[in-house]
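Tertiary structure, described
Below are the chains, spelled out letter by letter.
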Amino acid sequence: MIHPNKKRLRRSMMFLNCQKPGLIKDPYIYKPDSIMLDLEDAVAENQKDAARYSLYHALQEIDYHGVERVVRINGLDTPHWKEDIRVCVAGGADTIRIAKTESAKDVKIVEEHVLAAEREFGRPEGSTLLMAALESCKGVLNALEVCEASERLIGIALSGGDYTKDLQTTITGTGVELMGARQHMIMAARAAGVQCWDTVFTNLDDMEGFENETRMIKMMGFDGKSLVNPRQITVVHKIFTPTEKEIIFAEKVVREIDDKKAKGIGVFTVDGKMIDIAFYDGAKRTLAMAKAAGVYKGDL
Amino acid sequence: MEIINIALAGTLESSDAQVTVEPGENGIELTIESSVIHQYGNQIRKVVLETLERLDVQNGRVTIIDKGALDCTLKARVECAVYRSNGITENLPWGGVIK
């Protein structure tokens, strides 16, 4: 059975350091779609244990008001990931983000340990979702097999910093160095029917650059973006939420296609634009996204 | 559990608490320092003692420097300090005595 939250709205995924109680106590006030509670890079090596206790109690005791609780665990090349999985499942995390994923095998190893933890802690089997961060050339090239590795997998996320390091270049701000990975990943995700998220934008003084990048990745087909600061949430939501004009047009397209199909007409115009059946799924997707974002109350 | 070695967990940052545990033989000797001691001193004491009781810690000197930590943070820091004093970092009893 497909998990009911597998395809929920995930425009914004905000990173929060589990080592900092002040950060994880009330991030829901900024209304991100998902928070990413980090046990990996943000947590100092000698504080990995402390971060897990904080994570466990936060998951158990803080009401995040429906915001999805994703936890980024340490990579499979570290001594930490097994205990990370145990605490995530015991605490009731919604989703586990696998760091440095390079193959379907990586996903399957994590899946096996998640299932064991669900049995150990009495959680329903299959209740913990997975997502994979692709952080290397090998991981990006294996995107399709990663996407198809598990029924639990909701999607893949690009980790630009590590990826460009592996590519032997740097983040330039132009997006050129990430273009191939972005294009490849979004195609793999769509081919497998899962979601895809773009990497973080770390220059908080360049909000114009952030907005431009977000518009670009929206055009490329991404579902959303990983974020490092609450200031970025509003921008992403504005760009990833259909406008009133887009919603009205999508409604007209769906209604007209349904109507014309019954009359045996295949191609026609809506507001001066040529429309045929190829536009149907896109219009339905616009309405579904608008509904999930709470800006459409219609019946389509 | 026993407090075997001196151990510390947490920081002095806002919304956090720094917890130090040391071996002792005269029951729990608890010291609390907090800027909100008058409003929340009893609650902090209650959470710390309940956590120690759950972990079956019967002896030791426990020092809390509170910086406005929520109950869940206090519990996390006390548990971390006690397990560190025993050198245990894996196969922890999540949902058992840690809850």
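Residues numbered from 1 in each chain as written. Chains lettered and ligands numbered in written order. Predicted model: local features only at pLDDT ≥ 70, side-chain atom pairs only at ≥ 80, totals over all residues.

Before going further, it helps to examine the overall build of chain A. Along its length, chain A carries twelve helices and ten strands. Radius of gyration (C-alpha) of chain A: 20 Å, near the 19 Å computed for a compact globule of 300 residues. Oriented by its inertia axes, the alpha-carbon framework of chain A measures out at about 65 × 45 × 35 Å. When burial is assessed residue by residue, chain A has 46% of its 300 residues classed as buried. Here the contacts in chain A between residues at least 6 apart in sequence split such that 68% fall between residues at least 24 apart. (Helix = DSSP H or I, 4+ residues; strand = E, 2+ residues; numbered from the N terminus. Rg over C-alpha atoms; globule rule 2.2 N^0.38 Å. Buried ≥ 20, exposed ≤ 12 C-beta atoms within 10 Å, placed from the backbone. Contact = placed C-beta atoms within 7 Å.)

Moving on: the sheet that holds strand E4 (residues 95-98) of chain A. Residues and elements named next belong to chain A. Judged by pairing direction, the barrel is parallel, and its eight strands sit side by side in the order E1-E2-E3-E4-E5-E6-E7-E8 before closing back on the first. Ignoring strand direction, the axes of neighbouring strands in this sheet form an average angle of 25 degrees. Direction of pairing for strand E1 (residues 12-17) relative to strand E8 (residues 224-227): parallel, over a ladder of three bridges. Within the sheet, the bridge partner assigned to Met13 lies in E8 and is Ser226. (Pairing = 2+ DSSP bridges. Axes fitted to C-alpha atoms, helices over the stretch in contact; angles between N-to-C directions.)

Taken together, the contact between chain A and chain B spans 18 residues of the former and 18 residues of the latter. The set of elements that each furnish at least two residues to the side of chain A that touches chain B consists of helix H1 (21-24), helix H2 (48-61) and helix H3 (81-91) of chain A. The element best represented in the side of chain A that touches chain B is H2(A), accounting for eight residues. Across the side of chain A that touches chain B, the residue classes tally to nine nonpolar, four polar and five charged. (Nonpolar A, V, L, I, M, F, W, Y, C, P; charged D, E, K, R; others polar.)

As for its placement among the helices and strands, B:Ile98 is situated in the segment after helix H2 (71-85). Sequence separation of B:Ile98 and B:Thr51 is 47 residues, and the distance between their C-alpha atoms is 8.3 Å. When sequence neighbours within four positions are dropped, the list of residues in contact with B:Ile98 reads A:Tyr56, B:Glu79, B:Leu92 and B:Pro93.

A separate point is the packing of helix H1 (residues 37-54) of chain B against H2(B). Residues and elements named next belong to chain B. Two elements in contact, H1 and H2, have axes separated by 9 Å at closest approach and are oriented at 40 degrees. In terms of their interaxial angle, H1 and H2 are classed as oblique. The element H1 and its partner H2 pack so that their crossing is right-handed. Along its contact with H1, which presents Ile44, Val47, Val48, Thr51 and Leu52, the element H2 presents Asp71, Leu74, Lys75, Val78 and Glu79. (Parallel < 35°, antiparallel > 145°, perpendicular 65-115°, else oblique. Left-handed = near helix turned anticlockwise from the far one by under 90°.)

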